[in-house]
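# Structural description and commentary
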Amino acid sequence: MQKQTALVIGAGIGGIATAARLAKNGYEVTVLEKEATPGGRCNQIVRDGHRFDIGPTLFLMPEIWEETFASLGEKMSDHLELTRIDPTYKVHFEDGLQLQLTSDIGKMQTQLEKVEKTAFTGFLSYIAEGGKHYKVSLEKFVGRNFYNIFEYFSLGNLPLLFQLKALQKHYANTSRFFKDERLKAAFTFQNMYLGLSPYDAPATYSLLQYTELAEGVWYPKGGLYAPILALVKIAEKLGVRFIYNAPVKKLNVEGARIKGVKLEDGREFSADIFVGNADLPYIYKELLPPSSEAKKMDDKLYTCSTIMFYWGVDKEYSQVALHNVFLAGDYKASFDQIFKDHTLPEVPSFYVHAPTRVDQNAAPQEEETLIVLVPVGHLDARSRQDWDALVNRARETVFARLAKELGADDLREHIKFEIMYQPETWKERFNLEKGAAFGLSHNFWQVGYLRPQNRHKEYKNLYFAGASTHPGTGLPIVLLSARLTTDRILKEAGTIPVQNLNYAISQV
Ligand SMILES: Cc1cc2nc3c(=O)[nH]c(=O)nc-3n(C[C@H](O)[C@H](O)[C@H](O)COP(=O)(O)OP(=O)(O)OC[C@H]3O[C@@H](n4cnc5c(N)ncnc54)[C@H](O)[C@@H]3O)c2cc1C
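Residues numbered from 1 in each chain as written. Predicted model: local features only at pLDDT ≥ 70, side-chain atom pairs only at ≥ 80, totals over all residues. Heavy atoms only, no water.

### Digging into the overall build of the chain
- Helices and strands together make up the secondary structure of the chain, namely 17 helices and 19 strands.
- Reported as C-alpha extents along the three principal axes, the dimensions of the chain are approximately 80 × 55 × 50 Å.
- The proportion of buried residues among the 508 residues of the chain is 60%.
- Across the chain, contacts joining residues at least 24 apart in sequence account for 72% of those joining residues at least 6 apart.
- When the accessible surface of the chain is totalled, it reaches about 21,000 Å², and 52% of it is carbon and sulfur.
- Separation of charge centres in the chain, based on 59 positive and 61 negative side chains, amounts to 6 Å. (Helix = DSSP H or I, 4+ residues; strand = E, 2+ residues; numbered from the N terminus. Buried < 20%, exposed > 50% of the residue type's maximum accessible area, 1.4 Å probe, protein only. Contact = heavy atoms within 4.5 Å. Areas by Shrake-Rupley, 256 points an atom, 1.4 Å probe, with all protein chains shown as cover. Lys, Arg positive; Asp, Glu negative; His and termini not counted. Charge placed at Lys NZ, Arg CZ, Asp CG, Glu CD.)

Structural data, given as structure tokens:
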């Protein structure tokens, strides 16, 4: 029997994992990627002996990764060398307080009780709640497909939405556990991984703090690009064909089906099914024919964007830990300025990653590779966004705080080169709608069945896998997306679409 064919648009982690799963299930799969290499937001830059992970630097939820490798007939430990990172982060507050988040309970107790007498009890309850949220979310909402709204808002699920505090705000909910504003900040800033403000994020997301401390933050040898290379190798072994420098220009439609794709260079490809891994709103708006669904994409909420500095430095700064978070004094104002005004906060928070603390190969000997992430608002035509000025201000803020708080006062002179990304770079390089670095937002109205689903409503052979479809952003969550999309494709394979069935009946 002839194999079913699948075309995947995009070789981000979602595209690679879906392609590999489909190939494992007997499909003949081709992946079309606009860039010269795979990985998407999880790509890397190598220059003059310095290696930078472009986006992700935290390897989280290892059990989800394990499942992906296992589903492809492989063992993760044969492909990745993981080191657990503990303390996970060093958190710096503007008033000089420093906290090292760690799964060492004793050390956590000492640090927290110095800030607030009852904080350690609060912390234990907070993590316990996060653990409950994690398990219930994964089992009942994140790790499954919803084929209709009744499955989502079923009688069984409604009480769970309350149990998961889906309608309560995360920051407000931390007041039940901590009084000190700095502690509330230390246990909510992780919402930024989902590109969300803790003042808007559902309290459900305390699950993030749980996974970091209970399941661990890990570092794969070779950086976050190592898992991408491993998955591509496995996919190729399963027969997947990757075609790079192949930007798709348009999806050709016939009735309720996609017939093929046309590339920028005019080449055309056809297949039985199609999987869009490029950002979902971009596919609706730019690759498909105009539709009311595409227009609705403009009204959706998007995550924030980031300014990134990738610095090759000719001196070591051993006082910079592997993961460092510098929080702004006025925490709330900084989120309002990102999410409401769509700009760089007056006093920005930021994150610094120094991979050589665990991986000597990330920089030449006695040198440093530094990655700085400064959250900013996404592109917004209505806001005045002078990116040159905002980028300069972000850079100066980073220099000033690293000098004041870590004594790195000569850093500026030791930077050999800088590569900089800002929202327009995210949009141009990866076609991320509004330059939103994490895709569509994850508020109550944009998760579960309410998030754009992993199959197009009209074109029944067009599926989606990636950060802007169900379940959402973050590498392990996108791996789940690849599993759920593949499950759906396999479930629906062989079924005759209703309109064809009607046609067949009318012919009898
Ligand atoms: C700065 C930053 C930090 C992050 N940190 C973390 C972290 O520490 N841990 C974590 O787990 N997650 C993190 N994330 C989130 C994570 O990177 C994403 O959720 C994930 O990589 C998204 O994968 P994807 O496959 O959905 O999309 P993408 O990686 O965007 O892949 C889509 C692919 O489609 C391609 N494409 C687009 N248009 C076309 C076209 N027309 N034709 C062909 N190909 C096309 C793109 O080039 C790209 O390769 C971070 C993200 C960012 C931006």
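Next comes the rest of the description.
### Concerning the sheet that holds strand 1 (residues 5-9)
- One open sheet accounts for five strands, arranged 9-2-1-13-19; its pairing is parallel. This sheet does not close on itself; its edge strands, each paired only once, are strand 9 (241-243) and strand 19 (462-464). Here the average twist between neighbouring strands, direction ignored, is 20°.
- Here strand 13 (residues 273-276) runs beside strand 19; their pairing, made up of three bridges, is parallel. In the sheet register, G276 faces strand 19, and the bridge partner there is F464. (Pairing = 2+ DSSP bridges. Axes fitted to C-alpha atoms, helices over the stretch in contact; angles between N-to-C directions.)

### Things to note about the sheet that holds strand 12 (residues 268-270)
- Taken together, three strands build an open sheet; the order of strands is 10-11-12 and the sheet is antiparallel. A single partner strand is all that each edge strand has here, and the edge strands are strand 10 (248-254) and strand 12. Between one strand axis and the next, the sheet turns by 25° as a mean value, whatever way the strands run.
- With three bridges joining them, strand 11 (residues 257-263) and strand 12 adopt antiparallel strand pairing. The residue bridging G260 from the neighbouring strand is S270, located in strand 12.

### With respect to the site of the ligand
- Taken together, 37 residues lie near the ligand, and E33, R41, Y282, T473 and G474 sit nearest.
- R41 places a side-chain nitrogen or oxygen 2.8 Å from an oxygen atom of the ligand.
- For the ligand, an oxygen atom lies 2.8 Å from a polar atom in the backbone of A467.
- When the free accessible area of the ligand is taken as 1,000 Å², the share hidden by the protein chains comes to 97%.
- Elements represented by at least two residues in the shell around the ligand include exactly helix 1 (13-24), helix 15 (423-430) and helix 16 (475-492).
- The biggest single contributor to the shell around the ligand is helix 16, with three residues.
- Grouping the constituent residues of the shell around the ligand by class yields 21 nonpolar, 12 polar and four charged. (Near = heavy atom within 4 Å. Polar contact = N/O pair within 3.5 Å; in protein donor to acceptor, adjacent residues only side chain to side chain. Nonpolar A, V, L, I, M, F, W, Y, C, P; charged D, E, K, R; others polar.)

### Comments concerning the packing of helix 4 (residues 119-142) against helix 9 (residues 207-215)
- Helix 9 packs onto helix 4 with a crossing angle of 100° between their chain directions and a minimal axis gap of 7 Å. Put simply, helix 4 runs roughly perpendicular to helix 9. Here F123, Y126, I127, G130, G131, H133, Y134, K135 and S137 of helix 4 lie close against helix 9, whose contacting residues are L207, Q209, Y210, T211, L213 and E215.
- Here the contact of helix 4 with helix 9 is composed, by residue class, of seven nonpolar, six polar and two charged. (Parallel < 35°, antiparallel > 145°, perpendicular 65-115°, else oblique.)

### Regarding the environment of L288
- In this fold, L288 is placed in the loop between helix 11 (280-287) and helix 12 (292-296).
- On the basis of relative accessible area, L288 is assigned to the buried category, the value being 8%.
- Separated by 147 residues in the primary sequence, L288 and G435 have C-alpha atoms spaced 20 Å apart.
- For L288, the residues in contact, after removing those within four places along its chain, are L251, I258, I283, H456, Y459 and L462.

### Structural notes on unusual backbone geometry
- In the segment running from D86 into P87, the intervening peptide bond is cis, with an omega of 0°.
- Checked against the element boundaries, P87 lands in the loop between strand 5 (82-85) and strand 6 (89-92).
- Look at the link from H470 to P471: it is a cis peptide, with omega at 5°.
- Here P471 lies in the loop between strand 19 and helix 16.
- One non-glycine residue, D48, lies in the positive phi region at around 45°.
- Inspection of the secondary structure assignment puts D48 in the loop between strand 3 (44-47) and strand 4 (50-53).

These figures come from the coordinates and say nothing about function on their own.
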